[in-house]
Amino acid sequence: MRCPTCRAPWREQPECPRCGSDLAPLMRVAAAAWRRRAAAAEALAGGRWSEALHHAREANRLQRTEAGDDLVMMARLGGGWATRA
């Protein structure tokens, strides 16, 4: 992740060391996305495909990541929705 103001690499601090932008809101969104990805992984492990897909899509809505994309695809494959968008 990068600071949305100056594009400096994020150093997991609530303030950008380069420009001083408040990154706390960004950190909250990233944490919420992480929680959704964790919930998706747990649902996948339990074979709850629809629930996993819901959490994975919500995670990607908050913060799109390669891991989130993988979770979406696994949930779609497991639930038999691989050919649907």
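Data block above holds the structure.
Here's a quick rundown of the structure. Since we're looking at a predicted model, the values are computed, not measured. (Residues numbered from 1 in each chain as written. Predicted model: local features only at pLDDT ≥ 70, side-chain atom pairs only at ≥ 80, totals over all residues. Heavy atoms only, no water.)

### Things to note about the environment of Ala-8
Here comes step 1: For Ala-8, the position within the fold is in the segment before α1 (24-45).
Here comes step 2: In this view, Ala-8 contacts Met-1, Arg-2, Cys-3, Cys-16 and Arg-18; residues no more than four positions away in its chain are not counted. (Helix = DSSP H or I, 4+ residues; strand = E, 2+ residues; numbered from the N terminus. Contact = heavy atoms within 4.5 Å.)

### Regarding the packing of α1 against helix α3 (residues 66-78)
Here comes step 1: Two numbers describe how α1 lies on α3: the axes approach to 10 Å, and their chain directions differ by 30°. When the axis of α1 is compared with that of α3, the two are roughly parallel. Both α1 and α3 take part in a crossing whose hand is left-handed. Counted together, Arg-37, Ala-40, Ala-41 and Leu-44 of α1 and Ala-67, Gly-68, Leu-71, Met-74 and Ala-75 of α3 form the full contact between these two elements.
Here comes step 2: A per-class count over the contact of α1 with α3 returns seven nonpolar, one polar and one charged. (Axes fitted to C-alpha atoms, helices over the stretch in contact; angles between N-to-C directions. Parallel < 35°, antiparallel > 145°, perpendicular 65-115°, else oblique. Left-handed = near helix turned anticlockwise from the far one by under 90°. Nonpolar A, V, L, I, M, F, W, Y, C, P; charged D, E, K, R; others polar.)

### Thoughts on the pattern of salt bridges
Here comes step 1: Per the counting criterion, the structure on display carries three salt bridges.
Here comes step 2: We note a salt bridge from Arg-48 to Glu-51, for which the minimum N-O separation is 2.8 Å.
Here comes step 3: Overall, the relative accessible area of 32% leaves Glu-51 in the partly exposed class. (Salt bridge = Lys/Arg side-chain N within 4 Å of Asp/Glu carboxyl O. Buried < 20%, exposed > 50% of the residue type's maximum accessible area, 1.4 Å probe, protein only.)

### A few points about a positive patch on the surface
Here comes step 1: There is a patch of like positive charges on the surface, built from Arg-2, Arg-7, Arg-11 and Arg-18.
Here comes step 2: Examined against the element boundaries, Arg-18 turns out to sit in the segment before α1. (Patch = residues over 30% accessible without salt bridge, like charges linked within 9 Å, V, L, I, M, F, W, Y side chains within 5 Å. Areas by Shrake-Rupley, 256 points an atom, 1.4 Å probe, with all protein chains shown as cover. Lys, Arg positive; Asp, Glu negative; His and termini not counted. Charge placed at Lys NZ, Arg CZ, Asp CG, Glu CD.)

### Quick look at helix α2 (residues 49-62)
Here comes step 1: With 14 residues, α2 ought to run about 20 Å at 1.5 Å a step, and its terminal C-alpha atoms sit 20 Å apart, in line with that.
Here comes step 2: What α2 keeps buried is the set Ala-52, Leu-53, His-55, Ala-56, Ala-59 and Asn-60.
Here comes step 3: For α2, the secondary structure elements touched by its buried residues are α1 and α3. (Expected span 1.5 Å × (residues − 1).)

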